[in-house]
Amino acid sequence: MIGRGRRERKARENAKRAVTAALDLVEGRALHADRVDWATARTDVLGVLDDPEQLELKLFHLVRQAGGPHGGVRRARPTSGAPELPRIEEQGDAIVVTLPACAEHDARTYTDAARAALDGRTAERWIVDLRGTGGGSPWPLLAAVAPLLGEGEVGAFVDREGGRTPWTVRDGVVSQGGTPQLQGPPGRVDGPVSVLTDGNTANSGEAVAVAFRGRPDARSYGAPTLGFSTGVESAPLPGGLVLTVATSRFSDRTGQVYGGPVTPDVPSDDPLSMALWDL
């Protein structure tokens, strides 16, 4: 019994430590942390430490208040089966590159597939299809189309204080704040690029849409995106849960900051046909 009591106290201490670290993240980094009375919030959350259901609920509402809709509390996702990979299709004198979402653990497989698909390909114009692309990591998607994005800064995360962490492309390598993330296909492709979005284009898809904003000869078609053009950070919680909270907004290469839906240049119910006709 003594050993069991010690284990229970240790488990409670570990849980309190994890929850406190998560609260520190939200207070210190969330986009709208100033909307929260933090003394009251911390007392409320730590007061239900022994009630997992209430703890999850209170943290969920706190994250939404402090960070907005792109965040919450969820169970860690198990690794699934084979990932959906980039697809290439010729449409007349255009090549359509379809970019599905990609989990971080599938990034290498994803970028290898993009490199193989684009190897030796040439076209008069390119179409990047982001319809239905949401969630996952932005880096494999950005790396997949690195030759189309061009060199230099293509976007950034902007925190609540206005600090910028740039996304850059150098020789096919996509970096975040100077730290390399992934190697994409080599080379550079000039010429017109059309970007297709819809209401299910979210987060990683929105990052790619934003990265093409300000690129010469790039134009977007379709419908406004879902509105999760924000970067999130995460913290582990007791019971295998993960807290995520929005801590930055996307910015394009011109300096325009987003944070909500990304509106296309040309609204269309049939953006592929419109892009093929318009270019």
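Relevant structure appears above.
The following refers to the structure shown. (Residues numbered from 1 in each chain as written. Predicted model: local features only at pLDDT ≥ 70, side-chain atom pairs only at ≥ 80, totals over all residues. Heavy atoms only, no water.)

The next subject is the side chain of T225. Among the secondary structure elements, T225 is positioned in the loop between β10 (218-222) and β11 (230-236). There is a polar contact of 2.7 Å between the side chain of T225 and the backbone nitrogen of V262. In this structure T225 touches T197, D198, G199, T201, E206, G260, P261 and V262, once residues within four positions along its chain are discounted. (Helix = DSSP H or I, 4+ residues; strand = E, 2+ residues; numbered from the N terminus. Polar contact = N/O pair within 3.5 Å; in protein donor to acceptor, adjacent residues only side chain to side chain. Contact = heavy atoms within 4.5 Å.)

Packed helices, taken two at a time, are described by the angle their axes make and the gap between the axes. Running from N to C, helix α2 (residues 38-46) and helix α3 (residues 52-67) cross one another at 155°; their axes reach a closest spacing of 10 Å. Relative to α3, the element α2 is oriented roughly antiparallel. Between α2, through W38, A41, D44 and V45, and α3, the contact on the second element is made entirely by L55, K58, L59, L62 and A66. (Axes fitted to C-alpha atoms, helices over the stretch in contact; angles between N-to-C directions. Parallel < 35°, antiparallel > 145°, perpendicular 65-115°, else oblique.)

Right, let's get into the nonpolar core. Nonpolar side chains in soluble globular proteins generally cluster together in the buried interior. Membership of the largest hydrophobic core comes to 37 residues, with the highest contact counts inside it found for L99, V128, V145, W167, V208 and F212. Looking at this core, the element that brings in the most residues is helix α7 (residues 204-212), giving 6 residues. Excluding anything up to four places from it in sequence, V128 contacts V97, L99, V145, L148, V193, S194, V195, L196, V208 and F212. Formed by 25 residues, the second largest nonpolar core is a distinct cluster that contains A33, A41, V48 and L243. (Core = buried A, V, L, I, M, F, W, Y, C linked by side-chain atoms within 4.5 Å. Buried < 20%, exposed > 50% of the residue type's maximum accessible area, 1.4 Å probe, protein only.)

Our focus in this paragraph is the pattern of salt bridges. In this structure the tally under the stated criterion is 13 salt bridges. Close ionic contact of D93 with R125 constitutes a salt bridge, the shortest N to O distance being 2.7 Å. Taken together, the residues span a long stretch of sequence, with D93 in the loop between β2 (87-91) and β3 (94-98) and R125 in strand β4 (residues 125-129) at a distance of 32 residues. Judged by its relative accessible area of 38%, D93 falls in the partly exposed class. (Salt bridge = Lys/Arg side-chain N within 4 Å of Asp/Glu carboxyl O.)

Once that is clear, we can look at the packing of aromatic side chains. In this description, a pair of aromatic rings is defined by centroid distance and the angle of the planes. Per the stated rule, a full pass over the model turns up 5 aromatic pairs. For the pair W139 and F157, a centre-to-centre distance of 6.2 Å together with 85° between the ring planes defines the contact as edge-to-face. You can see W139 sitting in helix α5 (residues 138-144) and its partner F157 sitting in strand β5 (residues 152-159), a full 18 residues away along the chain. Of the two residues, W139 and F157, neither departs from the other in class, the shared state being buried. Taken together, the aromatic side chains of W139, F157, W167 and F250 make up a single cluster linked through ring pairs. (Phe/Tyr/Trp six-rings, centres within 6.5 Å; stacked < 30°, edge-to-face > 60°.)

Before going further, it helps to spend a moment on the environment of A11. Its place among the elements puts A11 in helix α1 (residues 2-29). Using a relative accessible area of 44% as the deciding quantity, one classes A11 as partly exposed.

Right, let's get into unusual backbone geometry. Phi is positive for N203, which is not a glycine, with a value near 50°. Relative to the helices and strands, N203 resides in the loop between β9 (193-197) and α7. Of the residues examined, N203 reaches a relative accessible area of 12% and is grouped as buried. The phi dihedral of D217 is positive, around 65°, even though this residue is not glycine. Among the structural elements, D217 can be located in the loop between α7 and β10. You can call D217 exposed: its relative accessible area is 55%.

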